[in-house]
Amino acid sequence: MKNPLRVFEKNINKLCNDDFETIKTIFFYDIFDIFVNRYKWNNLPEEILPMYIEQTLFWRGLGVFIKDDIAGYAFMNVSLSGLPDIYNIPEDRIAYTANGYIEEYGKENSDVIILLHGGGLSWWNYKEVAERLQTDYHVVLPILDGHAGCDKQFTTIENNALDIIEFVNSKLGGSVLMMGGLSLGGQILLEILSQRKDICKYAIVESVLVIPSKFTYSMIKPAFGSCYGLIKYKWFSKLQFKSLRIKSNLFDEYYKDTCAIRKSDMIAFLQENSVYSLKDGIGECEATVQIYVGEKEKQSMKKSAKIIHEKLQDSFIQVLPNMYHGEFSINHADDYVRKLLEIVKRR
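Note that this is a predicted model, so its numbers are computed, not measured.

Asks: Talk me through the pattern of salt bridges; I want residue IDs and the actual numbers.
Replies: One pass over the structure, following the stated rule, counts twelve salt bridges. Residue Glu104 pairs with Lys107 through a salt bridge whose shortest N-O separation is 3.9 Å. Accessibility expressed as a relative area gives 58% for Lys107, which makes it exposed. Among the salt bridges present, the one from Asp265 reaches Arg262, with a minimum N-O distance of 2.7 Å. Counted as one network, the salt bridges with shared partners bring together Glu158, Glu191 and Lys279.

Here is the structure:
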C-alpha cells in the first residue's frame, strides 16, 4: 500500500510555488484554530478573554498579566529589557498594547460610537459621518491592522477583533453605545459581536460578506503578486478608485493610503475577507443590529445579508435602492447619519 503522505508530498511538488504557499497558509490557520481553542482557562478575571491570551502567546510567545487601578485586570504584550540575569535573560519587563492609530471626534461627549472602515480604505471612510455626529457623540475611528497609519501587520479578522475589544475594555469602560462596520470592518464587527455579546447596544453592518470562497482566496495572491507594483501609478489607482464608486474628492486620501499598504498586508486582509464566516456565538448577540446591502451589489453580498439577519435575534435588513458596494456610508453621509440616529433614538 502506498504511503498517503508520500503521495501527497509528490503531488505537492508538482504545484507551483504560489499554489504551495496558498496550501501552507490554509493548513497553518487550521492548526492555529486548533491550538488557540485547545485549553480551558479557569478563574480568569471577567475582562480578560481566554482567546486573546492564547493568540498573544501563539503569535508572540510571551505575555503578562497586569492590574490597573482604572482599567482593572488586563493581559498584555510584553517585551524584555534591562540588564541580563545569570541566565542571560533581561530582568525587566515592559507591558504594552498596540491597537493602531485612532481618529476621534467629539471626545467631550459620553455616548461612544465606533466605526470600522472597509478594507483598503482608512478612517476617512467615515469622516463626513463623524463630522455630523461630533456635536452629540464621541466618534472613534480606528485604523484597521495592516492599513496606512497602523504599524501592526494584518494577521486575522479574529485578531483585529480582539484588539478592538481590548481597546473598548481598557479605554471605554467595557461597552459603547454603537458600533458600525463596512465590508472588512463589518466582518470584524460581527466577530466582535460573536465574542462579546454585550459590547454595544446598537450596530450597523454594511455590505458584509459571510459566504466563504476558496476559489477567490486562491486567486488573490497570484493576482496581486502581478499587479501590486502598479498601485503607485496614479493612472492605475484612478482606475481602481473609479471601480469602487467613491466620491472624487477622496481620491488623494485613497491614493496616499493605498500606496502605503504593504503587499503582504493587502494580500492577507483580502484573503481573510474572502473566507470569513459567522461564528456560532453571533446568535447570542444582545445588540440591535441594522443590516444594509446595496441593490446593485453581487448576489453573494445579498445572500450574506440574509444569512446575517437570520442569525441575529434582534436585527433588521434593508436593501438600498440603486447602490453599489459600500456606497452608503462613504457617498451618502447624511442618509447614513439619519438612519443611525433613528436606531439610537428608539431607546
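Asks: Describe in detail the sheet that holds strand E5 (residues 112–116), supporting the description with residues and values.
Replies: Strand order in the open sheet formed by seven strands is E4-E6-E5-E7-E8-E9-E10, with mixed pairing between adjacent strands. What marks the edges here is a single partner per strand, and that holds for strand E4 (102–105) and strand E10 (315–320). Sheet twist, expressed as the average angle between the axes of neighbouring strands with direction ignored, equals 15°. Strand direction decides the pairing type here: E4 and strand E6 (residues 138–142), joined by four bridges, are antiparallel. By the bridge assignment for E6, Ile102 is matched with Pro142. Here helix H13 (residues 333–344) sits on the sheet in contact with E5, strand E7 (176–182), strand E8 (200–206), strand E9 (288–294) and E10, set at roughly 150° to E8.

Asks: Describe the pairing of E8, with residues and values.
Replies: Within E8, six of the seven residues are buried, which leaves it mostly tucked inside the rest of the structure. Direction of pairing for E7 relative to E8: parallel, over a ladder of six bridges. Pairing of Gly181 across the sheet is with Val205, part of E8. The parallel pair E7 and E8 is bridged by helix H6 (residues 184–195), and the resulting crossover is right-handed. Two elements, E8 and E9, share five bridges in a ladder whose sense is parallel. Residue pairing for E9: Tyr202 is matched across the bridge by Thr288.

Asks: I'd love a proper account of the environment of Cys285, names of residues and values included.
Replies: Looking at the secondary structure, you find Cys285 in the loop between helix H10 (263–275) and E9. Placed 91 residues apart in sequence, Cys285 and Ser194 show a C-alpha to C-alpha distance of 6.4 Å.

Asks: Which residues make up the state of the cysteines, and what are the values?
Replies: Under the defined criterion, the tally for this structure stands at zero disulfides. Cys200 takes part in no disulfide bond, and the closest cysteine sulfur, belonging to Cys285, lies 6.4 Å away.

Parameters at a glance
- Residues numbered from 1 in each chain as written.
- Predicted model: local features only at pLDDT ≥ 70, side-chain atom pairs only at ≥ 80, totals over all residues.
- Heavy atoms only, no water.
- Salt bridge = Lys/Arg side-chain N within 4 Å of Asp/Glu carboxyl O.
- Buried < 20%, exposed > 50% of the residue type's maximum accessible area, 1.4 Å probe, protein only.
- Pairing = 2+ DSSP bridges.
- Helix = DSSP H or I, 4+ residues; strand = E, 2+ residues; numbered from the N terminus.
- Axes fitted to C-alpha atoms, helices over the stretch in contact; angles between N-to-C directions.
- Contact = heavy atoms within 4.5 Å.
- Right-handed = clockwise from strand over helix to strand, strands pointing away.
- Disulfide = S-S within 2.5 Å.

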